[in-house]
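Reading the structure
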Amino acid sequence: MRSVAGQAFVWQFAVLLLLAAAATVALVLKTTSDTQNDARHKALAVAEGFAHAPGVVQALQSRDPTAVLEPLTLAAQKGAGVDFVDVLATDGTRYTDPDRALIGLRAEGDIGRAAAGQSFTEIFKGSPQNAVRALVPVQDAHGHVVGLVSTGVQTTDVTATVNQQLPLILVVAAGALVFATGGATLVSRRLRRQTHGLGPVEMTRMYEHHDAVLHSVREGVLILDAERRLVLVNDEAQQLLGLRPDQVGLPLDELGLDSEIAELLSSGRTVTDEVHPAGGRLLAVNLRPTAVRSGPAGFVATLRDTTELLMVADRAEEARGRLKLLYDAGTRIGTTLDVVVTAQELADVAVPRLADFVSVNLLEDLLRGDEPAPGPVTPAALRRVANRSVFEGAPEAVVQVGEIDFRTDQSPQARCLATGVSELHQLGDPAVGVWLAQDPARAAMSRKYGFHSWMAVPVIARGTTLGVVDFVRSRRPEPFQADDLAVAEELVARAAVCLDNARRFTREHTAALTLQHSLLPRRLPEQSAVEAAFRYLPADPRFGVGGDWFDVIPLSGARVALVIGDVVGHGIQASVTMGQLRSAVRTLADADLAPDELLTQLDDLVLRLAGDAEAGADGDTDVPTVGEIGATCLYAVYDPVSGGCSLASAGHPAPAVAYPDGTSDIVELSAGPPLGLGGLPFEAVEAVLPEGSLLALYTDGLVESRQRPMDAGLDTLRRALTGPEPTAPDRPAVDRPTPDRSALEGAALDGSLDRLCDRVVASLLPDRPADDAALLLARVRRLDAGRVATWDVPADFAEVARVRADAVRRLSAWGVEEAAFVTELVISELVTNAIRYGGAPIQLRLILPEPAEAQGEAPTGTLICEVSDASNTAPHLRRARAYDEGGRGLLLVAQLTQRWGTRQTANGKIIWCEQSLVTGL
């Protein structure tokens, strides 16, 4: 009884019972006078009961109302005891009639009055019979008339019939009541199925929800049946799709929807939040099939306007893209300490993600590594160091990379350099018009490539302006906005720090290289013992300047010292240490120390330097300690008279020797400790080199790398020294870090030996060496025996005159008679001192090396005079007083010759002096 069907059944049963009782009482109490009234009431009651019966409205709205309603009207007609129960359309067309021939024909009478919503009865006279007829409108839930119910009773004289058949009438009334009750039961059961047993409260709530969906929900709802006809559309869907209420029931293709939405709805596929355009909006569409108990399923679509949400999402995506751009800039800009590379990295990051064309223009001071003046920059002449464009080869660039870019005073770039403030301009800005009017080349290029938006951002780091970066858009239609300028400023700010770091590194690296080159020999000294050539190749700038060094030092007796070394570490400190060691080696070489003795003295010096550095560090971590100062060194002395070579090594790789017969070898040396360890002895090795032999001294950076062990490097070095020189261009030219050509100025090297240096370097060094490399090649020479004269001198003062005369005759034979006077004085003094203060055996030797030729000058030579004796006592120069009888000999020798000195030998000492000769005059 709580369901709508149960309550309808009770209501119908009560109505039928009331009608039956009323009819019976009327038949009993009234006769013919009440026949018409009874018929009116009866017909109207039946019509109203049927009109309000559940399911009638749905039957009228179904596809075939006749099939649905005919059984019900017949049952109602029979059950109500009327002559007919007809269901009519609002225009009077019959849906049902006891006479099936009348179905589909229009009924006569006052149909319009009933269609207007008024229930009434009338006396109908006409076909098929006269009757008392009732017309009742059928209204839907909204009060709209959807049909008419017509019932009637024939106007015959029923009074006699009633009187005669009152018992039968009673029986028939009871039967009619039972039959009507059964019909009501059937109708109630059908209504129960249709309402699913819902009670009034539930039905009310359901209709409230239905109303809310139609009018209150802010999400469009669209229901289509299986034939793609519009069944329901709520207010929001009407607004979103531009539909009208009267379009309900129309096919989908007649609704006038956008093609994309119509195609989606007709597809019938299940979708979730698909975004489609519709009427200037972006709609998120969900489409699902409807679940029904019987019959084909339709579809329900929900629509949501996401236009503003998508705009917010687009802005969020743009912000995310900018953040991603800044993140990529942090990882891609500043990967090297090279100014040009860093500038190009900035341009590569910005194109095409921010701009269509980017140029980076920097001050000349920055490129040289100098410190630019702090604050804004007044001149607008900058060096173009990087370009990047969306077009291949950056054809829109007015200035190419490496050229000077001149900007007029009215240009945005000049203003932002002067003020330090970025500028953003569009094509129509007056400032842009003034600027382009003064720069015709840029104006023409702007028109050609469609430039429409510019940003000029100064490059400022630590308060110093370094240049300006231009951002231009041409292909992208959106002009630059304030957010784009903020991103550009952030990009340039990050790049500015990297550029300033690169500038500082360039400055320090240049300073270290300058210091190193100033400490290395710029030209080899003039000497006749060896023909020498060298190469010094600094490491990749990423690893800093090293401490490799080499030297060629002329010694007494036409000998020459060949030195090569390597200081531990990189940077200015390594260069300073290298300079100290080189100066120390030259000083010790002037003392004519043997190689092992020289390295011992040098080792003590390194220990003192390390000790001084540690004592003065005072907690400064930048100052090297004892363990951090160290070096390796190879010292060799070659005597062109005997061909002997004395070598000693302090932890340095042994030299290679290429002999005239085409063979090569590595000199076997006693591996001494590196300089700076102390306490361990050094041992010299003596070797005799045939004339024309090639001695190769090198640092480990030349033969050893991460990709190649030292043994393989030594084998390559030996092959490069002895292999044939390439004659065809099958071997490419050395295209790698080449020696500083300024270090070769005035070297006057032999071409073949110089080319051999290049060949060795090309064979051994990679394109970007990780360590400095030094190579010193020396081809040894022998002095002609005719240019050396030797006399043994007995310990007798009378022999001095004889030896002096023999020397003068030899000078005449050599063609240097002009040196005879000085030579006689020197020989007299030195031989006399050897006889007086030295010990036998005493020997005199004159050496005349081949004269060295200087470009544009007459050939110059040297005459060497040596006197040896068995005493280890070295003379020293002193100034004699006025009444002293001696002490003036060495002073006289020092004044008459260019150089003099003494050196210790295994059997005594040698006092020597040198005179400069000018030949060919």
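As a reminder, the structure under discussion sits directly above these lines.
Overview of the structure. All values reported here derive from a predicted model rather than from experimental measurement.

Spatial strand order, β17-β18-β19-β20-β23: five strands in an open sheet with antiparallel pairing. Looking at which strands have only one partner, the edges of the open sheet turn out to be β17 (547-554) and β23 (685-688). Here the average twist between neighbouring strands, direction ignored, is 15 degrees. In this sheet, strand β20 (residues 644-650) lies alongside strand β19 (residues 631-638) in antiparallel orientation, the contact comprising five bridges. By the bridge assignment for β20, Y638 is matched with C645. Across the face of the sheet, helix α18 (residues 572-590) comes into contact with β17, β18 (560-567) and β19 while running at roughly 20 degrees to β17.

Next up on the list: a nonpolar patch on the surface. A grouping of F821, L825 and L892 is seen on the molecular surface, where their side chains present a nonpolar patch of about 270 Å² in accessible area. Of note, L825 is situated in helix α24 (residues 820-837).

What follows covers the side chain of T699. For T699, the location among the structural elements is in the loop between β24 (694-698) and α20 (700-703). Within the structure, the side chain of T699 is placed 3.0 Å from the side chain of D548, a separation counted as a polar contact. Beyond its immediate sequence surroundings of up to four residues, T699 is in contact with D548, I564, G565, D566, H652, D772, A773 and A774.

All of the buried residues along helix α25 (residues 889-896) are G889, L890 and V893. Down the axis, α25 shows its buried residues gathered within 95 degrees of arc, on one side only.

Below, the discussion takes up the packing of aromatic side chains. For any two aromatic rings, the description comes down to two numbers: the centre-to-centre distance and the angle of the planes. Scanning the model with the defined rule gives four aromatic pairs in all. Cluster of aromatic residues (ring-pair linked, three or more members): W435, F451 and W454. It is R113 that lies over the ring of F120; its NZ or CZ is 4.3 Å from the centre.

Bringing unusual backbone geometry into the picture now. Cis geometry is adopted by the peptide bond preceding P352, which originates at V351 and carries an omega value of 0 degrees. With respect to the helices and strands, P352 occurs in the loop between α12 (339-350) and β10 (357-362). For the peptide bond that leads from A840 to P841, omega is 0 degrees, which places it in the cis range. When you line up the elements, P841 lands in the loop between α24 and β27 (842-847). The phi angle at R228 is positive, at roughly 60 degrees, despite the residue not being glycine. Considering the arrangement of structural elements, one finds R228 in the loop between β5 (220-224) and β6 (230-233). One non-glycine residue, R462, lies in positive phi territory at about 55 degrees. With relative accessibility at 52%, the residue R462 sits in the exposed group.

So, about the nonpolar core. Formed by 53 residues in total, the largest nonpolar core has its most connected members in V530, W549, L562, L602 and Y635. Leaving out residues up to four positions away in the same chain, W549 has contacts with L520, V563, I564, G565, D566, V567, M578, L581, R582, V585, T632 and C633. With 37 residues, the next largest nonpolar core counts L346, V358, L366 and A488 among its residues.

So, about the sheet that holds strand β25 (residues 773-780). A sheet is described by the order of its strands in space; here five strands give the open sequence β16-β25-β24-β21-β22, paired in antiparallel fashion. The outermost strands of the open sheet, each flanked by one partner alone, are β16 (530-537) and β22 (664-666). When the angles between neighbouring strand axes are averaged without regard to direction, this sheet yields 15 degrees. In terms of strand pairing, β16 meets β25 through eight bridges, oriented antiparallel. When the sheet's bridge partners are listed, E531 is paired in β25 with R779. In this fold helix α21 (residues 710-722) packs onto β21 (656-658), β22, β24 and β25, with an angle of close to 145 degrees to the strand it touches most, β22.

Here we take up the pattern of salt bridges. Taken as a whole and assessed by the stated rule, the structure comprises 37 salt bridges. The partner of D500 in a salt bridge is R462, and the shortest N-O contact between them spans 2.1 Å. Linking D500 in helix α17 (residues 482-519) with R462 in the loop between β14 (453-461) and β15 (464-473), this pair joins segments that are 38 residues apart in sequence. According to the relative accessible area criterion, D500 is buried, its value standing at 2%. Note that E824 and R804 form a salt bridge whose closest N and O atoms lie 3.7 Å from each other. One end of the pair, E824, is in helix α24; the other, R804, is in helix α23 (residues 799-814), with 20 residues separating them in the sequence. The exposure class assigned to E824 is partly exposed, which follows from its relative accessible area of 28%. Counted as one network, the salt bridges with shared partners bring together R384, D405, D439 and R442.

Time to look at the environment of V15. When you line up the elements, V15 lands in helix α1 (residues 4-29). Given a relative accessible area of 25%, V15 falls into the partly exposed group.

Here is what the cut-offs are and how they apply
Residues numbered from 1 in each chain as written. Predicted model: local features only at pLDDT ≥ 70, side-chain atom pairs only at ≥ 80, totals over all residues. Heavy atoms only, no water. Pairing = 2+ DSSP bridges. Helix = DSSP H or I, 4+ residues; strand = E, 2+ residues; numbered from the N terminus. Axes fitted to C-alpha atoms, helices over the stretch in contact; angles between N-to-C directions. Contact = heavy atoms within 4.5 Å. Patch = residues over 30% accessible without salt bridge, like charges linked within 9 Å, V, L, I, M, F, W, Y side chains within 5 Å. Areas by Shrake-Rupley, 256 points an atom, 1.4 Å probe, with all protein chains shown as cover. Salt bridge = Lys/Arg side-chain N within 4 Å of Asp/Glu carboxyl O. Polar contact = N/O pair within 3.5 Å; in protein donor to acceptor, adjacent residues only side chain to side chain. Buried < 20%, exposed > 50% of the residue type's maximum accessible area, 1.4 Å probe, protein only. Arc of directions from axis to C-beta. Phe/Tyr/Trp six-rings, centres within 6.5 Å; stacked < 30°, edge-to-face > 60°. Lys NZ or Arg CZ within 6 Å of the ring centre and 35° of its normal. Core = buried A, V, L, I, M, F, W, Y, C linked by side-chain atoms within 4.5 Å.

Geometry only, nothing functional implied.
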